[in-house]
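# Tertiary structure, described
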Amino acid sequence: MHKRWNLNQNYQQAQVDALQQQLKIHPSLCKLLVQRGITTFEEARQFFRPSLSQLHDPFLMKDMDVAVARVNKALTNQEKILVYGDYDVDGTTAVSLLYLFLKSLYAKVAFYIPDRYHEGYGVSFKGVEFAQQNGYTLIIALDCGIKAHDKVALANSYGIDFIICDHHRPGNDLPEALAILDPKRNDCPYPFKELSGCGVGFKLVQAIAQNNHIPFAQIEPYLDLVAVSIAADIVDIMGENRVLAHFGLKLLNTHPRFGINALINLSKVSRELSISDVVFFIAPRINAAGRIESGNRAVDLLTANDFETARIICDEI
């Protein structure tokens, strides 16, 4: 295989020199920073010292207020909520995150992962039919749905509301969902556009928590799942993703959830985990569930309540 490096030469030497004067570090490092769009002392400080205070207000995202209001209505009215996501790492981490959070507040929540070979990628007709047959009145789709016009239309005909949390680029028209959370929407003012699907799901969780006066410390433990999704989906680790990945990696190395701890043990990684370790040792094993049997097993693993259960599922995967 022939490989070709494309070097980023889109920078000005004057910016490198000015940054070097401010930071007093090697010019080569300043050049790397400028190539990544970091040209001031404050931008460099935020890059080297991520802080949770750098996370954006989730309500800056288009339709977030509508989505939160609908979730709160479902909780108040004791409706059944179906958390729907794809079988890959981004989808299963996103489903695990939102499912665990809602389950901590409310009992009538379930998840649905489509079968890779019988339903294919994204929202499926079978998934919508499952929701209708089992009395679900709200579907929250994660890492998919932005082009699921016909499936959303079917759900609407059944009286099922749809909230879409996606990070893929929309087409010319959006589905007729109740709320569509996607920073890549042309009409979305959210300042960071490169969130993973799980990242968008976390912003929904952050908004629900904020609206219901739940302390951020209560949702911070979910950042390990966001970090895994960021690594697996190879999204840009700049801006908000850098903050989410930084604190998520801390959790992976200090307080990994049972399922991820089982994966770490199986992978025999004895050093402190890096993003690269997640890419090459953790993510492929989570992906394996959806490729070989069912993505449901990946969610079962990531939501396991004890290590022995997690170990058994991990060994199967």
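Anything mentioned here points back to the structure above.
### As for the side chain of Lys 184
Mapped onto the elements, Lys 184 comes out in the loop between strand S5 (179-181) and helix H8 (197-211). Within the structure, the side chain of Lys 184 is placed 2.9 Å from the backbone oxygen of His 167, a separation counted as a polar contact. Ignoring sequence-local partners within four residues, the contact set of Lys 184 consists of His 167, His 168, Arg 169, Pro 170, Lys 193 and Glu 194.

### Comments concerning the sheet that holds strand S4 (residues 161-165)
Here five strands make up an open sheet; going across it, the order is S2-S1-S3-S4-S5 and the pairing parallel. At either margin of the open sheet sits one strand with a lone partner, and together these are strand S2 (109-112) and S5. The mean angle between the axes of side-by-side strands here comes to 20°, regardless of whether they run parallel or antiparallel. Here four bridges tie strand S1 (residues 80-85) to S2, and the two strands are oriented parallel to one another. Within S2, the position partnered with Val 83 by the bridge is Phe 111. Sheet strands in contact with helix H6 (residues 125-133) are S1, S2, strand S3 (136-142) and S4, and its direction is about 165° off that of S1.

### What to know about the environment of Pro 58
Along the polypeptide, Pro 58 turns up in the loop between helix H3 (41-48) and helix H4 (64-76). Accessibility expressed as a relative area gives 0% for Pro 58, which makes it buried. Separated by 231 residues in the primary sequence, Pro 58 and Ala 289 place their C-alpha atoms 31 Å from one another. Ignoring any residue separated from it by four or fewer positions in sequence, one finds Pro 58 in contact with Met 64, Tyr 190, Lys 203, Gln 206, Ala 207 and Gln 210.

What counts and what doesn't
Residues numbered from 1 in each chain as written. Predicted model: local features only at pLDDT ≥ 70, side-chain atom pairs only at ≥ 80, totals over all residues. Heavy atoms only, no water. Helix = DSSP H or I, 4+ residues; strand = E, 2+ residues; numbered from the N terminus. Polar contact = N/O pair within 3.5 Å; in protein donor to acceptor, adjacent residues only side chain to side chain. Contact = heavy atoms within 4.5 Å. Pairing = 2+ DSSP bridges. Axes fitted to C-alpha atoms, helices over the stretch in contact; angles between N-to-C directions. Buried < 20%, exposed > 50% of the residue type's maximum accessible area, 1.4 Å probe, protein only.

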